[in-house]
Amino acid sequence: MKTLFTLLILVIASTAVHAQTTIKGTVKTKKGAPLEFANVFIKDSYDGTNTDLEGNFSFETEEEGDQILVVRMIGYLQYEQPVKCDGSTITLDLVPE
């Protein structure tokens, strides 16, 4: 029983150390139309997602500190936005060119 309690404490402590940052928002054109299926991701990582039919996206990352959020879509220039991953929720409205 004592071992089980110790194991439980270690599991809880290890999850608290690795805070995840949630990055969410919308991607739209300059005219305000949603960009469907654009790639949104943290540069040099595997963390990211695609926008939905309304241009919305949301994903979690374990990356920490200053990072670069990239939006990539055929027919548009690659858009980069600096973000600070600190375990909080970041909400962005992005308009790539």
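Preceding this paragraph is the structure being described.
About the thresholds
- The residue count restarts for each chain, going from 1 along the sequence in the order it is written.
- Where local features are concerned, this predicted model is filtered to residues with pLDDT of at least 70; where side-chain atom pairs are given and counted, the filter is 80 or more; whole-chain, interface and lining totals use all residues.
- Heavy atoms from the whole structure form the basis of all side-chain values; hydrogens and water molecules are not counted.
- A pair of strands is considered paired only if DSSP assigns at least 2 bridges between the two.
- For the purposes of this entry, the term helix denotes a DSSP run of H or I that reaches at least four residues, the term strand denotes a run of E that reaches at least two, and both are numbered from the N terminus.
- An axis is simply a line fitted to the C-alpha atoms; with a helix, the fit covers only the stretch in contact. Between two such axes, the angle follows the N-to-C directions and lies from 0 to 180 degrees.
- In these notes, a set of buried Ala, Val, Leu, Ile, Met, Phe, Trp, Tyr and Cys residues joined through side-chain atoms within 4.5 Å is what counts as a nonpolar core.
- Relative accessibility under 20% of the residue-type maximum defines a buried residue, over 50% an exposed one, and the middle range a partly exposed one, all with a 1.4 Å probe and only protein chains included.
- Contact criterion: two residues are considered in contact whenever any of their non-hydrogen atoms come within 4.5 Å of each other.

Engineer: Any chance you could explain the sheet that holds strand β6 (residues 79-85) here in plain terms?
Structural biologist: Through backbone hydrogen bonds, the strands of a sheet pair up, either in parallel or in antiparallel fashion. Spatial strand order, β3-β2-β5-β6: four strands in an open sheet with antiparallel pairing. Across the chains shown, the open sheet's two edge strands, defined by having one partner strand only, are β3 (48-50) and β6. Here the average twist between neighbouring strands, direction ignored, is 20°. Here strand β2 (residues 39-42) runs beside β3; their pairing, made up of three bridges, is antiparallel.

Engineer: How should the nonpolar core be read in this particular structure?
Structural biologist: Nonpolar side chains in soluble globular proteins generally cluster together in the buried interior. Core analysis: the largest hydrophobic core is formed by 15 residues, its most contacted members being Ile 23, Leu 69 and Val 83. Taken together, the elements giving at least two residues each to this core come down to β1 (21-27), β2, β4 (56-61), β5 (65-72), β6 and β7 (89-94). It is β7 that provides the largest number of residues to this core, a total of three residues. Setting aside its immediate chain neighbours within four residues, Leu 69 contacts Ile 23, Val 40, Phe 41, Ile 42, Phe 59, Tyr 79, Glu 80, Gln 81, Val 83, Leu 92 and Leu 94.

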